Amino acid sequence: MSSLNIKITTKRGRTYQIEPKQYDKLEELITYARDEMSKPCIYHMLSWVSDPESFKTSKRNLIKLFDRKLRKQYKKLKQEVPNTLVAYSIEFKYTDVDEINGVCDHPTTGTQQLPFLHLHFYVIADCNKCNPVTFTNFAKTALNEIDGLTKARYLKSNKGESYKNVKEHFDDSFQRLLYIGKINQKSPEIPYRETFGASRV
């Protein structure tokens, strides 16, 4: 693939660019989920990096930490934990207190002067033996137990869906996943050199 950035246009007509290396990684991830999982469901989670210094340590093994915390949640109820794949991006912007606290998924006041270091965290879970609707509760709790993160929530689709079935909505799921590979929000105010990560497949 060319070393030039790839231009992506959303269904709403918005455009952004993504690095080829990240595009390839995300394509590999979601294609593997579609082909190898029985019921792959994709979720868009978001969490506030409220303690950047603590998260600096957590970030080194973020995907493994999430898996460990998720298994802990399911073990409490003696349910089978789904296999998961993860892709994430750390981003920064200025917003208001409502968005930071998870009251809304966007600013609701005219004052957008608070720094918001946050984690976009996509999870693809194989929900063949678990309830895909309640998975969000386990995932939120797992993220909130990781040092440096708080106020975890999931972002619904424009149609109000909490997840997408990757096999049934592959193209739409892939376009949503590509969001975290965009280079537009890579602010110099992010205190980490590496801002993107994904499960190995």
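See the structure printed just above.
These numbers come from a predicted model, not from an experiment.

**Student:** Mind laying out the packing of aromatic side chains, listing which residues take part and the relevant values?
**Tutor:** Overall, the coordinates contain 9 aromatic pairs when judged by the stated rule. The interplanar angle of 35° and the centroid separation of 4.7 Å between the aromatic rings of Y43 and F135 together place this pair among those described as tilted. Note that Y43 is positioned in strand 3 (residues 40–49) and F135 in helix 5 (residues 135–144), a separation of 92 residues in sequence. Residues Y43 and F135 agree in their burial class; the two are buried. An aromatic cluster is built from Y23, F170 and F174, whose rings are joined through pairwise contacts. One cation-aromatic arrangement involves R34 over F170; the distance from NZ or CZ to the ring centre is 4.3 Å.

**Student:** Outline the layout of surface pockets, supporting the account with residue identities and numerical values.
**Tutor:** Over the atoms a probe the size of a water molecule is rolled, and this reveals where empty space is left. Roughly 440 Å³ of internal volume is contained in the second largest pocket. The wall of the second largest pocket is formed by 17 residues, among which K59, R60, N61, L62 and Y88 lie closest to the centre. Here the residues of the lining of the second largest pocket are counted per class, giving 7 nonpolar, 4 polar and 6 charged.

**Student:** Describe the environment of K182, naming the residues involved and giving the relevant values.
**Tutor:** Structurally, K182 is set in the loop between helix 6 (170–177) and strand 8 (196–198). K182 gets classed as buried once you look at its relative accessible area, which sits at 5%. Distance from K182 to Q22, taken between C-alpha atoms, is 8.8 Å for residues 160 residues apart in sequence.

**Student:** How would you summarise helix 5 if you had to cite specific residues and measurements?
**Tutor:** Within the span of helix 5, buried status applies to F135, T136, F138, A139, A142 and L143. Across the axial projection of helix 5, the buried residues extend over an arc of 160°, all falling on one side. Buried-residue contacts for helix 5 involve strand 3, helix 3 (62–76), strand 4 (84–95), strand 5 (114–126) and strand 6 (149–154).

**Student:** Outline the packing of helix 3 against helix 5, supporting the account with residue identities and numerical values.
**Tutor:** For the pair helix 3 and helix 5, the least separation of the axes is 8 Å and the interaxial angle reads 125°. In terms of axis orientation, helix 3 runs oblique to helix 5. Note that helix 3 runs across helix 5; the crossing there is right-handed. Listed contacts from helix 5 to F66, K69, L70, Q73 and Y74 of helix 3 are F135, F138, A139, T141, A142 and L143. Counted by class, the contact of helix 3 with helix 5 contains 8 nonpolar, 2 polar and 1 charged residues.

**Student:** Describe the packing of helix 1 (residues 20–36) against helix 6, and please don't skip the residues or the numbers.
**Tutor:** Orientation of helix 1 relative to helix 6, taken along the N-to-C sense of each, is 145°, at an axis distance of 10 Å. In this structure, the crossing between helix 1 and helix 6 has a hand that is right-handed. In contact with Y23, L26, E27, I30, T31 and R34 of helix 1, helix 6 contributes F170, S173, F174 and L177. Here the contact of helix 1 with helix 6 is built from residues that sort into 6 nonpolar, 2 polar and 2 charged.

**Student:** Provide a residue-level description of unusual backbone geometry, including the pertinent values.
**Tutor:** Residues other than glycine seldom take positive phi values, yet K151 does so here, at roughly 60°. Following the sequence through the fold, K151 ends up in strand 6.

**Student:** Go over the side chain of H44 with me, naming the residues and quoting the values.
**Tutor:** Turning to its location among the elements, H44 is positioned in strand 3. One polar contact links H44 to H120, side chain to side chain, over a distance of 2.8 Å. In this structure the side chain of H44 is engaged in a polar contact, spanning 3.1 Å, whose partner is the side chain of Y122. Setting aside chain neighbours within four positions, we find H44 in contact with H120, F121, Y122, R153, Y154, L155 and Y179.

**Student:** So what's going on with the environment of P52? Which residues, and what values?
**Tutor:** By the secondary structure assignment, P52 is in helix 2 (residues 52–58). A residue is classified by how much of its surface remains accessible, and P52, at 34% relative accessible area, is partly exposed. Setting aside residues up to four positions removed in sequence, P52 forms contacts with L117, P191 and Y192.

Conventions used here
- Residues numbered from 1 in each chain as written.
- Predicted model: local features only at pLDDT ≥ 70, side-chain atom pairs only at ≥ 80, totals over all residues.
- Heavy atoms only, no water.
- Phe/Tyr/Trp six-rings, centres within 6.5 Å; stacked < 30°, edge-to-face > 60°.
- Helix = DSSP H or I, 4+ residues; strand = E, 2+ residues; numbered from the N terminus.
- Buried < 20%, exposed > 50% of the residue type's maximum accessible area, 1.4 Å probe, protein only.
- Lys NZ or Arg CZ within 6 Å of the ring centre and 35° of its normal.
- 1 Å grid on protein atoms, 1.4 Å probe; cavity = no way out; pocket = protein on both sides within 12 Å on 5 of 7 lines; lining within 4 Å.
- Points joined across faces, edges and corners; volume = space filled by probe spheres on them.
- Nonpolar A, V, L, I, M, F, W, Y, C, P; charged D, E, K, R; others polar.
- Arc of directions from axis to C-beta.
- Contact = heavy atoms within 4.5 Å.
- Axes fitted to C-alpha atoms, helices over the stretch in contact; angles between N-to-C directions.
- Parallel < 35°, antiparallel > 145°, perpendicular 65-115°, else oblique.
- Left-handed = near helix turned anticlockwise from the far one by under 90°.
- Polar contact = N/O pair within 3.5 Å; in protein donor to acceptor, adjacent residues only side chain to side chain.

The analysis is restricted to geometry; functional conclusions fall outside its scope.
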